[in-house]
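# A structural walkthrough
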Amino acid sequence: MRAGDGVWPALADGGAQASTTLIPQALALLERAGQPLAGLDAIAFGAGPGAFTGLRTACAVAQGLAFGIDRPVLALDSLAVVAEAAADDTDGAATDADKLWVAQDARMDEVYAAAYRRRRARPSGPGPVPETLADPVGAIAWEPLVAPALYAPGGPAAARTRPRRSPSTCATRSR
């Protein structure tokens, strides 16, 4: 969570029972940051790609919290969020020409992956904002070059017969 100049990270276990602790953990995070729920400008959630049940839970919790404080809900491309975090790790070395590939374990030897290009400014003028992940002031946006998709080496049948591996997320940068 970001509030003012501070960042308060939170990490929690996933799995079948994760939804039972999601709201108490979110409220505890707000308390640690000294931020009342009603003081938020919006509620954001990772809209995928990802597992259906987890996405549905995240959306429902975000909508419920936002409705309770009359704030907008922001559905964020989960892989674009990873791209932004990876770009932050470069200490500003990413340029407009940089392309970031992001891959996230989807289990069963499958991955969610996408490619993005970082843009420094949103286009000005009338018309709809392009489908990008943009910061609140529009200074940085992520343009999808390869849309998020589920990939399985050897096809779906091959992926179902392989053992599961632990979840992980990575991002790589290319020019």
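In the block above lies the structure referred to throughout.
Before going into details, it helps to say that this report is about the structure given with it.

Cut-offs used in this document
- Residues numbered from 1 in each chain as written.
- Predicted model: local features only at pLDDT ≥ 70, side-chain atom pairs only at ≥ 80, totals over all residues.
- Heavy atoms only, no water.
- Patch = residues over 30% accessible without salt bridge, like charges linked within 9 Å, V, L, I, M, F, W, Y side chains within 5 Å.
- Areas by Shrake-Rupley, 256 points an atom, 1.4 Å probe, with all protein chains shown as cover.
- Salt bridge = Lys/Arg side-chain N within 4 Å of Asp/Glu carboxyl O.
- Helix = DSSP H or I, 4+ residues; strand = E, 2+ residues; numbered from the N terminus.
- Buried < 20%, exposed > 50% of the residue type's maximum accessible area, 1.4 Å probe, protein only.
- Core = buried A, V, L, I, M, F, W, Y, C linked by side-chain atoms within 4.5 Å.
- Pairing = 2+ DSSP bridges.
- Right-handed = clockwise from strand over helix to strand, strands pointing away.
- Expected span 1.5 Å × (residues − 1).
- Lys, Arg positive; Asp, Glu negative; His and termini not counted.
- Polar contact = N/O pair within 3.5 Å; in protein donor to acceptor, adjacent residues only side chain to side chain.

## Some remarks on a nonpolar patch on the surface
Together, L22, I23 and L27 make up a nonpolar patch on the protein surface, roughly 220 Å² of accessible area in all. Looking at where L22 falls in the secondary structure, it is placed in helix α1 (residues 19–32). Given a relative accessible area of 32%, L22 falls into the partly exposed group.

## Brief notes about the nonpolar core
The tendency in soluble globular proteins is for nonpolar side chains to be buried side by side. Counting 12 residues, the largest nonpolar core is built from L79, A80, V82, A83, A87, L100, V102, A106, Y112, A114, Y116 and W142. Of all the secondary-structure elements, those providing two or more residues to this core are α3 (78–88), β5 (99–107) and β6 (110–119). With five residues, α3 is the single largest residue contributor to this core. One finds L30, F45, V61 and I69 within the second-largest nonpolar core, a separate group that totals nine residues.

## Points about the pairing of strand β3 (residues 43–46)
As a general feature of sheets, a regular strand has side chains that alternate between the two faces. The side-chain alternation of β3 yields one buried face, formed by I43 and F45, and one unburied face, formed by A44 and G46. For β3 and strand β4 (residues 73–76), the ladder comprises four bridges, and the chain directions are parallel. Each residue of the ladder has a partner; that of A44, found in β4, is L74. As a crossover connection, the stretch from β3 through helix α2 (residues 52–69) into β4 is right-handed.

## A word on α1
Between its terminal C-alpha atoms α1 stretches 20 Å, which fits the 20 Å expected from 14 residues at 1.5 Å a residue. Remark: G34 follows α1 within two positions and exhibits a positive phi of approximately 70°.

## Considerations on the pattern of salt bridges
Enumeration over the complete set of coordinates arrives at two salt bridges. R118 is paired through a salt bridge with E84; the nearest N and O atoms lie 3.7 Å apart. You can see R118 sitting in strand β6 and its partner E84 sitting in helix α3, a full 34 residues away along the chain. Residue classification places R118 among the buried residues on the basis of a relative accessible area of 5%. For the salt bridge of E143 with R117, the shortest nitrogen-to-oxygen distance reads 2.6 Å. Of this pair, E143 sits in strand β8 (residues 141–151) while R117 sits in strand β6, placing them 26 residues apart in sequence.

## A few points about the side chain of D105
Here D105 shows up in strand β5. Among buried Asp, Glu, Lys and Arg side chains, D105 stands out as unpaired, with R107 the closest opposite charge at 5.8 Å. At 2.6 Å, the side chain of D105 forms a polar contact with the backbone nitrogen of R107.

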